[in-house]
Each structure stands twice: as structure tokens, then as C-alpha cells.
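# A closer look at the structure
What follows is each chain in one-letter form.
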Amino acid sequence: MKVIRGRVWVFGDNIDTDMITPGQYLKLTPEETARHVLEGADPYFPSKIRPGDIIVAGRNFGCGSSRESAPTSIKQAGIGSVVAVFFARIFFRNAINVGLPVVECPDAKKIQQGDVIEIDLVKGVIHNISLHETYKITSYPKIVMEILENGGLVKLLERKLGVEGRKNV
Amino acid sequence: MGLTLAQKIIARASHRKRVEVGEIVEVDVDFAMMQDSGGPRRIGATMEKLGVQIWDPDKVTIISDHFVAASDTTEASILKYTREWAKKYRVTKYHEREGICHIVPVEKGYIRPGMLYVGGDSHSTTAGALGCFAISMGSTDMLGIMVTGKTWLKVPESIKIIWNGKLTRGVMAKDMMLKTIQKTRIDGATYKSVEFTGEAVDKLPMDERLVLSNMAIEMGAKAGMIEPNDVVYAYLEERNITEYEAVFSDPDAEYCEVLEFDASSLSPMVALPHSPDNVQPIKETEPLSIDQAYIGACTGAKYYDLKMAAEVLKGRKVSSRTRLLVAPASSEIIRRASRDDGSWRTLHFVNQPEFSWTNGTRSRSDFSFACDGGSIRYNRENY
């Protein structure tokens, strides 16, 4: 989890939660919704994904309605990480809380479709293997790394409390 | 380089000397609020499964305001669940039918300068008017806070908004905010913390300070803060609150943007359908007949608002063609208005408005909708 490597799919600015998980699929389970992820932006996207692929987008990724199903379905679809210039605040928090690594990178738009990139969450850098470039990102503190490594906030709490009995963590 | 109010409070809550904008840090939460809609009923099952207590029940308040008074059995059962949950988890600061979740914690003296406060409702920024860093979070985040007393956040950039000069008669904090939002638009402060300052801000009564922080959400802000002053200290003293540590921005703190406005030339403003940034001065607005007028919610129906409305209505009566709706933000406000100076008499007995006092007036919108023609709402949003 500390280093994420994958192939890039590029999306534009203002990808909203309705494009990520279109409204008509909201009643489906997360696994089912994942089969339609980002159809609102690219109708064929779900069929192109290989596990571990990375989404790279522009500004304000995840804006719109604050549905937690949006980051959940991206994660369920096998996407390893989402990199964007910046995220809508609620989406950013929801993504971390469900265990999807979201990374803000001011240079995100330099990354091209099909590039292979390597994200180092702790050191705070992205290496673009294809273009031989390096971009700075905000590094994650321990609390966020713990949430991501355990697959989300609830899973982290479950694990901690399982280990530590009924005491508070 | 000095630190902003937001940076200072976050630094203290993360046990650090200073924090930089853009950093993500772990913080201790000083106080947390949940309400009946997004609170216990959303996190109860997971808390049960985890078999864990609240980290510190004295630092938690639960306010039932969205579903009071219950209009059907589903709502009644949500209230029952919330009430029993508070008892089970030893939350003694439980308030039902006492007012809106952003006003009650302030009135009860739970909110103090310098605090890091998290509320499970969008307009939790309201508490920033007392000089604390007050932000809103969703249910999963609130669950984490209930269990650990900690959360993580990104240190925001700050925008400084200066209101120079004095407000003229009949111009209020709501007008200041509409003017501000007209300038910033609804997304102009996204992610950012807003600090309000200047002569006009400094002179506002407590009720009016709360409006600035409350409506900071309408410009997309993460927090809307005002440095504490004598108005805040007196308010706390009335509630016998003496233990707190007031925090102020450094003179050389860094702001990503500074906006200046002149209060003395400001006139009453209105936001036209359907966005809080579609603003113009009322005097430039085409005359419209008003079928329904609504004075309500956590932004628009505090004591000061009722007093101003009563002043306008003194010696007059609402037209028979207009329905007046009043939904005071808390029971303390009703008590004060009925005791103090006859505001309540003017509003309630002379004009006989339809009357309610719940946050449900916004969450369910069952009170403030009009299906015929012009509706004017003294509220905080007009979507």
C-alpha cells in the first residue's frame, strides 16, 4: 500500500459523483455498482479496467452529491488509486474512509493516458516511469496510512478493537 | 511567517508547534455534536458490533431536532432510538425539542474559544463565531471520532474577509453574507477557512456573529471563524463559562486572499432563485407581491431576528394576502423574546403566524414551501 504502481486512465475536470456512480445504479450492491463505474464519463470504461489501474483526473474530482458509493465502487472495480489536481472535500474524506488511496498532485495533468506511474504515499512523490518524471504530492500521516492499509476506517477500528478487546483504541 | 486562527487551533489539537497549509494531520477533537438524522441511527449498528463505548461522553452532545415533533411513527421511532442510544452511551448532554443542533450547543455553553469542534451536520461551522475551529463531517467520520476522540484533517488555506465601517439601521449580518457570497460565489472558499474581521464584525451581537460563521458554508468554506472579543466573553460569562483559551491570528499570518467590504454603504440584500450567490440589493429588485414569508432556521430566527421583525411589524399587521411563518431556532430564544420586550407579542399574538421550531423546517421542507407565487425566506439558502 505504501507504494502503488499501475497503468493510467486519464479523465478531465469536475468528474462528479453522478458520472462515477450514475443515479440509476444507486440501489445495486457495491459489487454490482462497480461494474458501471465512471460510465457517466466513458461508457466503455468498466470493460477496460485491469486490477491495479490508476485513474488520473483534473480539478475537483468527486464533486456533486456526497454519496459514499462513489469511492466504494471505484475501489471495488479494482482501481488502485485516484490521482487528481484536487478533490471535492467530501469525496476526499469518503475515499480515505472506505480505503481508496486518493492523491492530490498539482502536476496531475502532465500524466498521459497509458503511462505507468508509481505513487509513494509515505515519501510524497509520484514517479512517472513512462516519462521519467517525478511529481510532488502531499504525504500521508500515520493515521491515514493506517486507515488505507486496513481497507477503511471501520475495518481499522474492527481490527484494533479485536486485538485490544473492548477497550477504546 | 505567523499562523492563522485555523492553523493555531489545529497545531494545538495535533500537539505540534505549528502546522503548514496542505499538511494532513491527526487531531484530538475537543467537542463533538451529532443529530437525530445522521447520528446514532447511522453509526449505532457498527458501534454495537465493535462493542465499544464513546471515548469521552462528556465531550459529546446529541441534539434531536430534525424529526421533532415526529409527524409519523417512523420519525417517532428514530427519536426513541436516538434518546435511548444517548442514555446507553452515557451522553448526558442530550437535547430534544430544545432547538436546532447548531444553536443549542452554543446556548448551553458547550462551545468555547480555541476549541476544535466537529459536528455531524452541514452547518456546524456556526460555532466558529466563538473563535473555535468548527467543521462538519459525515457519519463514518463521526463514528471514528466517537470511538477514538481523534480524526484527521487537511490544514486549510485561509481567506480574510474584512468588513470596515458601521452597518446602518435595518442592515444585518445576513446582508453582509449575501454581499460576500455575491463576490466569492458559492464555491469561492472551497476547502478553505474563512476569517471574518473588521469594525462591523467586531460590533455584531452574538446572534449576528453566528450568521457569518453559519453561512460560510454557502461559499463552500470548511470553517467560518471570528476571533473572540468582549461580545463572546460576556456571552460566556452569562453562562458561567470561565475556562477557555482564546486564540488569535498572528499579525503576519498568511492568507491566500483578502477581501474588503464597506458596511456603511451596504443596503438590505436578497438572494433570488435558485442560488445563494444570485444576489442583489432589495432596492434594485422588481417589486413582487409576497404570498408567504418565512422567518426561520438556524440562520434566520434567533432572538435578534425576531426583535428586528417585531420592530418592522410594530403598529402594523401582516397583509391578509400574505402568510407569515415563524420558526424560532430554539426554545431559549422563544423564552427570551416573550420575556424581554414584547417581540413575541408583536409577532405571535398580533400577527398570528403559523408556528414551528424544528430543524425539520429545512430538512423536510414541510413548513417553508409555497406552491403559489412569491415566497420570501429569511433563512440561509434558497435552493
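This text gives an overview of the structure that appears in the document. (Residues numbered from 1 in each chain as written. Chains lettered and ligands numbered in written order. Predicted model: local features only at pLDDT ≥ 70, side-chain atom pairs only at ≥ 80, totals over all residues. Heavy atoms only, no water.)

Right, let's talk about unusual backbone geometry for a bit. All names here are of chain B. Residues Val 68 and Ala 69 are joined by a peptide bond in cis, for which omega reads -20°. Going from Pro 273 to His 274, the amide bond is cis rather than trans, its omega being -5°. With respect to the helices and strands, the residue His 274 is situated in the loop between strand S12 (269-271) and strand S13 (279-281). Despite not being glycine, Tyr 191 shows a phi value in the positive range, around 80°. Residue position: Tyr 191 is located in the loop between helix H6 (173-184) and strand S9 (193-197). (Helix = DSSP H or I, 4+ residues; strand = E, 2+ residues; numbered from the N terminus.)

Residue and element names in this part refer to chain B. Mapped onto the elements, His 95 comes out in strand S4 (residues 94-96). According to the relative accessible area criterion, His 95 is buried, its value standing at 8%. Once residues within four sequence positions are removed from consideration, His 95 is found in contact with Thr 61, Ile 62, Ile 63, Ser 64, Val 104, Lys 108 and Tyr 110. (Buried < 20%, exposed > 50% of the residue type's maximum accessible area, 1.4 Å probe, protein only. Contact = heavy atoms within 4.5 Å.)

Turning our eyes to something else, we now look at the pairing of strand S6 (residues 125-128) of chain A. Residues and elements named next belong to chain A. Two strands pair when backbone bridges link them, and strand S5 (residues 116-120) and S6 are joined in this way by 4 bridges, in the antiparallel orientation. Pairing of Asp 120 across the sheet is with Val 125, part of S6. Linking two consecutive strands that pair antiparallel, namely S5 and S6, is a turn of 4 residues; a positive phi of about 80° is found at Gly 124 within it. Where S6 and strand S7 (residues 133-136) come together, 4 bridges link them in antiparallel fashion. Note that in S7 the partner of Asn 128 across the bridge is Glu 133. (Pairing = 2+ DSSP bridges.)

Each side of the interface is counted separately: chain B has 28 residues, and chain A has 24 residues. Together, the buried faces of chain B and chain A total about 2300 Å²; carbon and sulfur atoms form 62% of this surface. Sorting the residues of chain B by area buried against chain A places Ile 24, Trp 152 and Tyr 191 of chain B first, and these three jointly supply 32% of that buried surface. In this assembly, chain B and chain A are joined by 3 salt bridges. Arg 93 of chain A is the salt-bridge partner of Asp 141 of chain B, the closest N and O atoms lying 2.8 Å from each other. Put simply, the parts of the chain that give the side of chain B that touches chain A at least two residues each are strand S1 (24-28), helix H2 (40-50), strand S6 (133-136), helix H5 (139-148) and strand S7 (150-154) of chain B. (Buried area = accessible area lost by both parts, 1.4 Å probe. Salt bridge = Lys/Arg side-chain N within 4 Å of Asp/Glu carboxyl O.)

Residues and elements named next belong to chain A. With respect to topology, 7 strands assemble into an open sheet ordered S4-S3-S2-S1-S5-S6-S7, the strand pairing being mixed. Lying at the two open borders of the sheet, with one neighbouring strand each, are strand S4 (102-104) and S7. The mean inter-strand angle of the sheet, taken between neighbouring strand axes irrespective of direction, is 30°. The pairing of strand S2 (residues 54-57) with strand S3 (residues 81-84) spans 4 bridges and is classified as parallel. Bridge pairing in S3 places Ile 55 opposite Val 82. (Axes fitted to C-alpha atoms, helices over the stretch in contact; angles between N-to-C directions.)

All right, on to the packing of helix H4 (residues 69-76) of chain A against helix H5 (residues 89-98) of chain A then. All names here are of chain A. Remark: H4 packs on H5, axes separated minimally by 8 Å, with the N-to-C direction vectors making an angle of 45°. Taken as axis vectors, H4 and H5 run oblique relative to one another. Between H4 and H5 lies a crossing of right-handed hand. Two secondary-structure elements touch here, H4 through Ala 70, Pro 71, Thr 72, Ile 74 and Lys 75 and H5 through Phe 91, Asn 94, Ala 95 and Val 98. Each residue belonging to the contact of H4 with H5 can be placed in one class, and the counts come to 6 nonpolar, 2 polar and 1 charged. (Parallel < 35°, antiparallel > 145°, perpendicular 65-115°, else oblique. Left-handed = near helix turned anticlockwise from the far one by under 90°. Nonpolar A, V, L, I, M, F, W, Y, C, P; charged D, E, K, R; others polar.)

This brings us to the nonpolar core. Core analysis: the biggest nonpolar cluster contains 96 residues, and Phe 61 and Tyr 140 of chain A have the highest contact counts within it. For this core, the leading source of residues is helix H1 (residues 5-13) of chain B, giving 6 residues. Beyond its immediate chain neighbours, meaning those up to four positions away, Tyr 140 of chain A contacts Phe 92, Ile 96, Pro 101, Val 102, Val 103, Leu 121, Met 145 and Leu 148 of chain A together with Ile 24 of chain B. Within the second largest apolar cluster, 67 residues are counted, among which are Ala 189, Leu 210, Ala 221 and Val 326 of chain B. (Core = buried A, V, L, I, M, F, W, Y, C linked by side-chain atoms within 4.5 Å.)

This paragraph deals with the pattern of salt bridges. Inspection of the entire model under this criterion finds 27 salt bridges over all chains. Linking Lys 154 of chain B and Glu 104 of chain A is a salt bridge whose minimum nitrogen-to-oxygen distance equals 2.2 Å. Highlighted residues: Lys 154 of chain B in strand S7 and Glu 104 of chain A in strand S4, drawn from two different chains. Note on Lys 154 of chain B: relative accessible area 13%, which makes it buried. Given a relative accessible area of 13%, Glu 104 of chain A falls into the buried group. Here Glu 146 of chain A and Lys 142 of chain A are joined by a salt bridge, their closest N and O atoms 4.0 Å apart. Of this pair, Glu 146 of chain A and Lys 142 of chain A both sit in helix H6 (residues 142-149), 4 residues apart, which is roughly one turn of the helix. Under the relative-accessibility criterion, Lys 142 of chain A is labelled exposed at 64%. Each member of the salt-bridge network shares a partner with another, and the members are Lys 142, Glu 146 and Lys 160 of chain A.

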